[in-house]
Amino acid sequence: MKYKWYWKILFFMTLASCVEPFKPSVSLTSINVLVIDGFLNATDSTIQVTLSRAVSVTSSDSSYAESGAQVAIQPDIGFEYFLTETSAGVYTGKTIISPANKYRLLVTTKDEKKYSSELIDILIAPPIDSVYWRPMPDGVALYVDAHDSEQATRYYRWTYDETWKYRTPYYVYKKWLGGQLIEVPPANNICWKSESSNEVLVYSTQALKDNSVSKFQVNFLPMGIQKLSTKYSINLHQRAINSNIYNYWQQLQTKSQNLGSLFDVLPTQIIGNVHSDSDPAEIVLGYFSGSTVTSKRIFIDTLDLPHYLQHWPEYYNCKPDTVFAGDLSKAPDGTLFFNSWNFGGAPAGYITTNTYCMDCRLSGGKTTPPSFWK
Amino acid sequence: MRRLFLFLLAQLFSVCLFAQQQSLITFQLSDASFEEFVNLAERQTQFHFYFDRHATDSLRVTISVNEEPLSKVLKQLFEGTRFTYSVYNKSIFVTRGRQLYTFLPAPFFDGDAQTVEEENIPVVYSDFDLKEQSKEDENKVYTIGNRLNPTKGPATLTGIIKNSATGEAMVGATVMEANTSTGCITDPFGRYQLMLSKGSHTLKVKMLGMKPTVRHLVVFSNGSLNIDLTEEITPLKEVLVRSDKDAQVMGLQMGTQKLDIKTMRQIPLALGETDVLKVITALPGVQTVGEGTLGLNVRGGSSSQNLILFNDAFIYNPSHFFGFFSTFNPDVIKSVELYKSGMTADYGGRLSSVLDIRAREGNLKKFTGSGGLSPVAARLTLEGPIVKDKTSFLLGVRSTYSDWVMGKVDVKSLKNSTANFYDITANINHKINENNSLLLSAYTSADQFRLKSDTNYRYSNLIASAKWTHVFNSKLFGYAVGGFSQYRYSVSGNDSPPSAFNMSFSIAQANFKTDFIYYHNNQHTFSAGVSTLRYFSSPGNMQPSGSQSSVAPNVLQNEQALESALYFGDNIEVSRSLSLYAGIRYSSYQYLGRKDVFTYVPGQPLEISNMVDTLHYGKGKTIANYGGLEPRLSLRYKLSESASLKLSYNRMRQYIQVLSNTTAITPTDIWKLSDTYIKPQVGDQISIGLYKNLKQNLIETSIEAYMKTIQNTIDYKGGAQLLLNPHIETDVLNANGKAYGVELLIKKSSGKINGWVSYTYSRSFLKTVSNVPIETVNRGQYYPSSYDKPHAFNFIGNYKFSRRFNFSLNAVYSTGRPITIPLGTYTLEGKTYLFYSQRNQYRIPDYFRVDVSVNIEGSHKIKKLAHSSWTVAVYNLLGRHNAYSAYYVIENNKANGYLLSVFAQPIPTITYNFRF
C-alpha cells in the first residue's frame, strides 16, 4: 500500500493513531449493478467482453458472472457481430477490427434489459521502444520506454503477462510405493508459472514537452520472491488510449487507493462509457475500448542480478530427514527420497524432506515450459 | 448626596488654608516612635495631631529636617506606608488605609464650570496599590459641568477610557448608565459619548479582559470624564469568557461570540499550543470536519465561506501543519470575535461568518516580553514604546522545532522528512495626536514539508495593513484601511529527473476600505463606507525543474477581478425596549481581462465536446459583471431588564470560491474567482434568538435558531480535474445549499467556577444542479454536506482552586460526520474495485472527547523579573478512539472497512509560558 504524506504527518504528529475495523450497518444486502468490461484487440482481431454484477459488501461471494446475455459489437458501417459466451460471463469473438471504423457494444441481458456503449475509435498503439530492468536496493524494477512518432496518442496503457521458472532444492530419485522402494526419474523439480497483471498502468505525456514515455515503472519484483529465483520473463503489451479512458482508469486507481483521509478526493461512482438504454438513471459500470496492441518480451536470468538479489528464502525451511533402511516399512506410501547414505557399502538410510521441497507443482507451477521459453 | 458635597467642598478649602499656614519645622529623629515625632511636631507648630496609638506603634521615624514645611515632612514620613493624613483647620488626622476627607470639591461653590478630573482632587499620599486606588475612584462622586446651568434637560458626557498600565485606549469598552441602561461603546480612541439627563448618575464601564468599574457623578452640564481601567491582574485571575455580561441581552448583535486570549489559554489542546481557531470550534454552531483540520464550518457553511480577518486583512490559509495548528501566535492576539449571523453592512465578501482577530498593540509605557515553549513550537513576543505614550511596537515570532524532534526520533519512515513552520507578527501603533492614530501591521506565515518522498510542499501567507483612525469631532469618526494579502503555494517533485517539476499557485488581493461612524443622537448612529478590492491570481503554473526534465511548462492564464462595495447602516434606538439596525450594502464585481474565455453551445452542458469558440478579452476588459444588494437587518426587543428577543436577516455575496474535492481544506486547494460560468455565491440567513440573564447577569442563557440558503456553490463531477485545468467550468457543477439549526448556550462568566455548556442541533445539505442527470451528485437530490453533524454538545469548565492553580475540563460530543462508503465491489480486468453508495449517506461513529488541564502560575510578586506559568494538559483523557476517518481497503477481493483515530490515546503535554 502506498503511503501518502499525510499519513506520515499524522504519524509524526501524534504517534498515537490507531486503526480499527469498521463495519457500518448497511441495510442493503444485494445490489444489482451490471459491470461491462470490453476490449477490441485490433492486432489479433479478438474481442472479449466480460459481464458481471457488483457484489454487496455484506456478501461473501467475490463476483457474480452475468450469463445468458446477448452481446454484439456494431461497427458504424456494417453489420453487428455477435459474441459467444465461452465461459460464465465471458463473451468472445474473432473478427477483423478495422481502425477505420467506429464500434459500439450492444448488450441485452437475459432479463431483457438493453445496454450500449458510446461509439469508440480504434486507437493505434505505437511500438514499445524498450522494456528493461534495474536493480534496486530491495528488488528489481521494470521499466518501459515508448514514444509515438505518429503523434496519434499521448495516452498509454500497459498490461503484461509474467512467466517465471523455478526449481525445488531437492530432486527426487526414489519413492516408497506399495512396500517397495522404486527408482523414479528426476521430475517435478522445475516448474513454470504465469500470471497476468491486474494493476492498471496508464500514463499520459500530455504534460510533457515530448510525446515520449521515459522509464515508466511497470512492475516491481521485491527481493527474494519466487519470480526472481531462476529466470523471469515479462511480456509487456501496450495499448493506445484516449483522455477519457485515461481519466477513467486514473480515477479508478485513485479510488482503489483511497485511504479515507480528509485530503482524499471525495469518492464518487465512476461512470465509464456504457449505459443503460432501458433506464437512463441506472448505474452501469465498466468501459468498452479498442486499440491495436504492441508487445515486447524480455527475460531476466537470476544469475544476471547483483549478488544481493540472488537469494530466495522460500525453501529455506526444507529440513532433510533420514528414514533408516529398517524403518522404511513404517514410512507412508508415496514418500519421496532425494538421497541416501551408505554404511558399509549398503544404503543405511534414505533422506527425505517435505514433499513441497521436492515437487515444484505444489507451489502452483506447471512442469512444461511455455512455447516462448528460451 | 448633599452632605457629600459639603464634605468635598471642605476638602478644597482646607488645601488653601494649609498652604497659607505653612509652618517650618526642624528636628532630627532616629528610630523614634511616631508619638515622639508628634510631640516634637506639635511643639514646633500650631497643629494638633489626631491619631491612633495602636495603629501607629509599628511606625518608626528616622528623619532629619531643617526648616522644612510640615507638609513635606509628613509626605516624606508616610511615603511607602499605608498611612495618610488630612488637615482640617489646626488639626491633622492620621489614618491608616483610608483617607479622611475634610473638604469638598471645587465646583460646588466655585462658579466657573470646571471639569472635574482626578488631577483636581487633592493629592492623596498613600501606598494604595493600583487596584485600591481604582476602588477609591469608584467611591468618589464626580461633578460634571457648570452647576449654574439649568438643572433640567440633557447633557453630553464625553471622555476617554484607557488602560491604566499601558496607556492603551480601550476600544469597544461599554460605558453604561446603570439605572437607565443607556450606553455606548468606545470608539477607536477609547472615546465615549453619552447623553445623560442632568442629575446624579452611576456609570458602569466594562471591557473584556479589564476590571469593570463604576463612577458616581452629578451632571450639571456638558463635560468630560476620563476613566482608567485596570487589567484584571492576569497572573492572578484568569477568568473565562468575560465579554460584557449584559451585552448578550442588551446589545443588538446576535450570533456573536467574543473570546479573549485568556479564555483561550485555559482550554486544553492536543499539542500544548493555544489555538484561537480550535477554541472557536467549541462554540455552538461551529464545526470542523475532523480532528486535524482547521476549516471552520459555521452554521452549515463551507470552510471557504469565512471571512478571517487579522487586523483587517484577509487570511487565505490560517493553518500550519495541514490544520493541526492555526497560524495565529497566541501571545500577540488581543481578541477574537466571531459573527455567525446579523452581520452589519460593513462586512461582506463571505457567506457564513466573519472572524475578526485583533492583535494587541504594543505597550506604550514600558518594554515587555512574553513567550513560551510547547512540545512542538517556541514563541517569543517583544513589545514596548518607541516614543513613550505615543508610538509602540509589537513583534511576535513563533517557530517549530519539529525538524530537530524528527532528527531525534529514530523512526525509519521519517528519514528524509522535514516539516517546518514559522509565523511572524509585527505591528506599530502610533498616536499622531488626539484625533489621529495609525496602526501598521504585518504578518507572515510559512510552512514547508517533505515527507520521505521527493515531493516538497511549501505554502505561505503574507499580509500587511495600515489603518488610520481619525476623529473628526465628538460625533463623527472614521477609519481608512489599506491592506494587502497574499497566499501562495508550490509543490516540487524530484522523483526522477525527467519528470521533475515545480507547480505553483498564488492569489493576492489589495484592498482599501473606509468607514465612517456618525453618532447623531441617542436614537441614531449612522455608519457608512466604501471598499474596493482588487484580486490577482495565478491559478496554476507548472514548470520543468532541472535541465533533464521533460515536463512541458503549463501556465494557466492569470485571473484578475475587482470587487467594490458601498454601504450604509443605521443603529436606531426606537424606544427603550426596541432597537434596530438596518443596513444595506451594494457589492459589485468585475472579472477582468486579459484572459481567454471558452464558449459553449448554448443550452448544452458545459463539456469539452460542446466547446465552440475562444473569446479573447484584452487587459482590463470586463469579462463578467455581477453585483447586487445585500440587505442586513437586526432587531432587539427587550422583554425585561434581563431578557430580550432578537431577530436578524442578512444576505451576503461571495465572489470567490475554493476548488476542492476533498473533505477538508488542504493547502493546495485552488481559490477561484467568479467568472463567466462560475457564478458568485449568494447566502441568505434568518435567525431568531431569545436571551435571558440570570442572577444579576452572572449566568447568561440564550437560544438561537437560524435558517440559511446558499446559491451557486460548487460541487464536482466525478473525478473532476481541478489542478491546471484551463476550463474548470467543464468539471464543476452548480450546487445549492440549505442549512438550519438551533443553538443553546448557558454561560457563566465569572466566579470560582466558570465556563459554558452548549448544545447545537444543525443540519446542512447540498444539491447539485445539472442538465445531465448522470453528472449530478445523488441524482440531484439534497444530500448531507461533509460537515453535517446534527448533534453537537460542548462543555468548557474552569475551576479556580486558588489564585495560582486552576483546573479546566472540556467535553466535546458530536454526531459523526457523513461519509460515502462502498456498498459493494466489482471486478474489472482481474482487479477488484469499490462501488460507492450515494454521497454522504453513512456516518462515522460519534465523536466524544474529554480534556483536562491545570494551570500553575508562578508566585505573584508584582515586581518579579519574569512571571511564568506552566500548563499541564491531557488531551483525550479517556483515550477514546474517535474516528478521524473511515477508509476501505480491498483485501482478498473483499472490501474491508477501517476507522482511523488520530489521537487514540491520552496525550499529555506541558507548556511553559513566561512574561517579563
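Residues numbered from 1 in each chain as written. Chains lettered and ligands numbered in written order. Predicted model: local features only at pLDDT ≥ 70, side-chain atom pairs only at ≥ 80, totals over all residues.

### Brief notes about the overall build of chain B
Looking only at helices and strands, one finds nine helices and 57 strands in chain B. When each of the 916 residues of chain B is scored for burial, the buried share is 46%. Expressed as a percentage of contacts within chain B between residues at least 6 apart in sequence, the contacts between residues at least 24 apart total 65%. (Helix = DSSP H or I, 4+ residues; strand = E, 2+ residues; numbered from the N terminus. Buried ≥ 20, exposed ≤ 12 C-beta atoms within 10 Å, placed from the backbone. Contact = placed C-beta atoms within 7 Å.)

### Focus: the sheet that holds strand 55 (residues 883-891) of chain B
Taken together, three strands build an open sheet; the order of strands is 1(A)-56(B)-55(B) and the sheet is antiparallel. Here the strands that pair on one side only, and so sit at the sheet edges, are strand 1 (18-21) of chain A together with strand 55 of chain B. Neighbour-to-neighbour, the strand axes of this sheet turn through a mean angle of 30°, independent of strand direction. In this sheet, strand 56 (residues 894-901) of chain B lies alongside strand 1 of chain A in antiparallel orientation, the contact comprising four bridges. From the neighbouring strand, A:C18 faces strand 56 of chain B, where its bridge partner is B:S901. (Pairing = 2+ DSSP bridges. Axes fitted to C-alpha atoms, helices over the stretch in contact; angles between N-to-C directions.)

### Digging into the confidence of the model for chain B
Residue and element names in this part refer to chain B. Overall, the predicted model of chain B reaches an average pLDDT of 80, with 85% of residues at or above 70. Low pLDDT, under 50, characterises residues 1-21; the predicted model gives this stretch 38 contacts beyond four residues in sequence or across chains. Confidence over residues 105-133 falls short of pLDDT 50; this stretch has 47 contacts with residues more than four positions distant or in other chains. For this predicted complex, the interface score ipTM comes out at 0.83, alongside a pTM of 0.72. (pLDDT = per-residue confidence, 0-100.)

### Points about the pairing of strand 11 (residues 199-206) of chain B
Residue and element names in this part refer to chain B. Bridge count between strand 8 (residues 174-177) and strand 11: four bridges; the pairing is antiparallel. Paired with M176 across the bridge in strand 11 is K204. One ladder, built from seven bridges, connects strand 11 with strand 12 (residues 213-219); its direction is antiparallel. Across the sheet, the residue bridging to T202 is H216, located in strand 12.

### Observations regarding the environment of B:F421
Residue and element names in this part refer to chain B. With respect to the helices, strands and loops of the structure, F421 is situated in strand 27 (residues 418-433). Classification of F421 as buried rests on a count of 23 C-beta atoms within 10 Å. Along the chain, F421 and I572 lie 151 residues apart, while their C-alpha atoms are 47 Å from each other. Contact partners of F421, with chain neighbours within four places excluded, come to H320, F321, T400, A446 and D447.

### Here we look at the nonpolar core
Generally speaking, nonpolar side chains in soluble globular proteins are found buried as a group. In terms of nonpolar packing, the biggest core is built from 86 residues, with A:I36, A:V49, A:Y156, B:Y826, B:F835 and B:A886 touching the most fellow members. Ranked by the residues each element gives to this core, the list is headed by strand 15 (residues 155-167) of chain A, at six residues. Not counting residues up to four positions away in its chain, the partners in contact with A:V49 are A:I36, A:G38, A:V71, A:L83, A:Y91 and A:L105. Membership of the second largest hydrophobic core comes to 79 residues, among which are B:Y347, B:L351, B:A359 and B:L745. (Core = buried A, V, L, I, M, F, W, Y, C linked by C-beta atoms within 7 Å.)

### Re the sheet that holds strand 11 of chain B
Residues and elements named next belong to chain B. Sheet architecture is open: five strands sit in the order 6-12-11-8-9, paired in mixed fashion. Two strands close off the open sheet at either side, each with one partner strand: strand 6 (141-144) and strand 9 (183-185). With strand direction ignored, the average angle separating the axes of adjacent strands in the sheet is 25°. Bridge count for strand 8 against strand 9 is three bridges, and the pairing is antiparallel. Bridge assignment links M176 to a residue of strand 9, and that residue is G183.

### Looking at the pairing of strand 9 (residues 90-94) of chain A
The side chains of a regular strand alternate between both faces of the sheet. All names here are of chain A. The pairing of strand 3 (residues 46-53) with strand 9 spans five bridges and is classified as antiparallel. Residue I47 lies in a different strand from strand 9, and its bridge partner there is G93. Bridging between strand 8 (residues 84-87) and strand 9 involves three bridges; their strand directions are antiparallel. Its bridge partner being in strand 9, E85 is matched across the sheet by Y91. Between the end of strand 8 and the start of strand 9, which pair antiparallel, lie two residues, with G89 showing a positive phi angle near 80°.

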